[in-house]
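Chain by chain, the residues:
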Amino acid sequence: MQKATMKRIENIVKSRFYIPLTFSVFVGVLMSRRWWQIVSPQVWDEDGTQVIFGFMTQGWLALFESVNGYSIVVPKIISMISLWVSFLHYPLVSTILAWIFIGLVGLAITIAPTKLHGKFLCALSVFIIPSNPEVFGLPLYTFWWASLLLFLVTLWDEKHPALGWRLCFTLLGGLSSPVIFLILPVLYFRAYQYRSLRSEYVIAIVATLI
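Please read these numbers as outputs of a predicted model, since none were measured by experiment.

Novice: For this particular structure, what's the right way to read the packing of helix α4 (residues 73-85) against helix α5 (residues 90-111)?
Specialist: How two helices sit against one another is set out by the angle between their axes and by the gap between those axes. Orientation of α4 relative to α5, taken along the N-to-C sense of each, is 135°, at an axis distance of 9 Å. With respect to α5, the element α4 is oriented oblique. Crossing of α4 over α5 shows right-handed handedness. Of the residues in α5, those in contact with Val74, Ile78, Ser79, Ile81, Ser82, Leu83 and Val85 of α4 are Tyr90, Val93, Ser94, Leu97, Ala98 and Phe101. For the contact of α4 with α5, the residue count by class is 10 nonpolar, three polar and no charged.

Novice: When you look at the nonpolar core in this model, what are you seeing that I'm missing?
Specialist: Within the largest apolar cluster, 37 residues are counted, with the highest numbers of intra-cluster contacts made by Phe101, Phe127 and Trp145. At the level of secondary structure, the elements contributing two or more residues to this core comprise α1 (2-34), α4, α5, α6 (119-127), α7 (142-154), α9 (179-193) and α10 (198-209). By size, the runner-up hydrophobic cluster in this structure holds 12 residues, among which are Phe55, Leu63, Val67 and Met80.

Novice: Please explain the environment of Pro91 as it appears in this structure.
Specialist: Along the polypeptide, Pro91 turns up in helix α5. Through-space distance from the C-alpha of Pro91 to that of Gln42 is 5.5 Å; in sequence the pair is 49 residues apart. Those residues in contact with Pro91 that sit more than four places away from it in its chain are Pro41, Gln42 and Val43.

Novice: Looking at this model, I keep getting lost on the side chain of Ser79. Mind explaining?
Specialist: By the element assignment, Ser79 lies in helix α4. Using a relative accessible area of 1% as the deciding quantity, one classes Ser79 as buried. Aside from chain neighbours lying at most four places away, what touches Ser79 is Asp47, Val51, Phe55 and Tyr90.

Definitions and cut-offs
Residues numbered from 1 in each chain as written. Predicted model: local features only at pLDDT ≥ 70, side-chain atom pairs only at ≥ 80, totals over all residues. Heavy atoms only, no water. Axes fitted to C-alpha atoms, helices over the stretch in contact; angles between N-to-C directions. Helix = DSSP H or I, 4+ residues; strand = E, 2+ residues; numbered from the N terminus. Parallel < 35°, antiparallel > 145°, perpendicular 65-115°, else oblique. Left-handed = near helix turned anticlockwise from the far one by under 90°. Contact = heavy atoms within 4.5 Å. Nonpolar A, V, L, I, M, F, W, Y, C, P; charged D, E, K, R; others polar. Core = buried A, V, L, I, M, F, W, Y, C linked by side-chain atoms within 4.5 Å. Buried < 20%, exposed > 50% of the residue type's maximum accessible area, 1.4 Å probe, protein only.

What is shown is where atoms sit, not what they do.
Take a look at the structure:
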């Protein structure tokens, strides 16, 4: 009984330190890739000409309007909140919110109950890929990070359904990235393979509707 209690306390302490520390690592690596976005925040082209202008002219209806043919709900939510907080300081606020979201995606890869092995290293590898730095920090490019949530949905451990989180990841990723088309057959396969689990049918149906 005492050992079980000590183990429970140890897990609580570990989770309290592990989550913020892991999040801080991801934000630190993110900063190393595009630190100047915080020092001198800028508004990306489509941010100014389509996203911000859309909210100013259409209000909430602009949330689901496509940009260059793509649905990008996550970047638009970030822009909408940033405009509400401060129109004058929109570049800085939107950058901070984008970095928080990106850090949370890394955290999701690390702690979500998926069948990935070496989850922290999997998440870290996403932050160090040799790509153009625009994807690291710009609000508009958070749609790329939102798409990673969809892969987590397909790799989810069926023993830990966590339907609420899977629905959240499916909605955020599916409404922000065309990757939803890529993972849909996998979700159908999971619904067939784990046909005794109602959660798999729910995810497949929601993804189809999206």
